[in-house]
Amino acid sequence: MSDAKNPFEAIIAQYQDMAKSMNPALESFSPKGFEKLWPTMPKDMMDMFFGNTLNKDGLDAKTRLLLTLAALTVLGGQADSQIRLTLRHLLASGATKQEIVETIGQMSMFAGIPAMTRVMDIAQEVMAEEEDSEK
């Protein structure tokens, strides 16, 4: 079977046309632009959503975010925006680079080396951006 046109390209084009017809602004949509709409939460909000508000003796926000990063890594590192946001929140919650690297590295046994490498690359990018913004 040989298609004259790539069916994947055709369906992507169809969905892009549909999105543009619903909202013309989606024509210039980019995942990085979307990420800018979600700033890092203030610490008190982070504690409320990710911390031990529901369980006073439970996990703190940093530990919950490290677990979130581990899960996103195991999922194959395909959720770039969520990974970047989680990394920014981790840094804001006081996680060290070492803790972040060890969490991602530990997941290589479950996610595989390619997923771990992909998330490590994203982590280096986010950490570099954070260092640049502090200057």
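Check the entry above for the structure.
Attention here is on the structure that accompanies the text. (Residues numbered from 1 in each chain as written. Predicted model: local features only at pLDDT ≥ 70, side-chain atom pairs only at ≥ 80, totals over all residues. Heavy atoms only, no water.)

Looking at the packing of helix α5 (residues 80-92) against helix α8 (residues 113-134)
1) Next: Where α5 meets α8, the axes come as close as 10 Å, and the angle between the chain directions of the two elements is 50°. As summarised for this structure, α5 and α8 are arranged oblique, according to the angle between their axes. The crossing of α5 and α8 is right-handed. Touching D80, I83, R84, L87, R88 and L91 of α5 are R118, V119, I122, A123, E125, V126, M127 and E130, all from α8.
2) Next: When its residues are assigned to classes, the contact of α5 with α8 shows eight nonpolar, no polar and six charged. (Axes fitted to C-alpha atoms, helices over the stretch in contact; angles between N-to-C directions. Helix = DSSP H or I, 4+ residues; strand = E, 2+ residues; numbered from the N terminus. Parallel < 35°, antiparallel > 145°, perpendicular 65-115°, else oblique. Left-handed = near helix turned anticlockwise from the far one by under 90°. Contact = heavy atoms within 4.5 Å. Nonpolar A, V, L, I, M, F, W, Y, C, P; charged D, E, K, R; others polar.)

Some points on a nonpolar patch on the surface
1) Next: The grouping of I11, I12, Y15, M18 and M22 at the surface amounts to a nonpolar patch, some 530 Å² of accessible area in total.
2) Next: You can see M22 is positioned in helix α1 (residues 7-22). (Patch = residues over 30% accessible without salt bridge, like charges linked within 9 Å, V, L, I, M, F, W, Y side chains within 5 Å. Areas by Shrake-Rupley, 256 points an atom, 1.4 Å probe, with all protein chains shown as cover. Salt bridge = Lys/Arg side-chain N within 4 Å of Asp/Glu carboxyl O.)

What to know about the side chain of T86
1) Next: Relative to the helices and strands, T86 resides in helix α5.
2) Next: Judged by its relative accessible area of 8%, T86 falls in the buried class.
3) Next: There is a polar contact of 2.8 Å between the side chain of T86 and the backbone oxygen of Q82.
4) Next: If we ignore the near neighbours within four places in the chain, the residues touching T86 are L65, T68, L69 and L72. (Buried < 20%, exposed > 50% of the residue type's maximum accessible area, 1.4 Å probe, protein only. Polar contact = N/O pair within 3.5 Å; in protein donor to acceptor, adjacent residues only side chain to side chain.)

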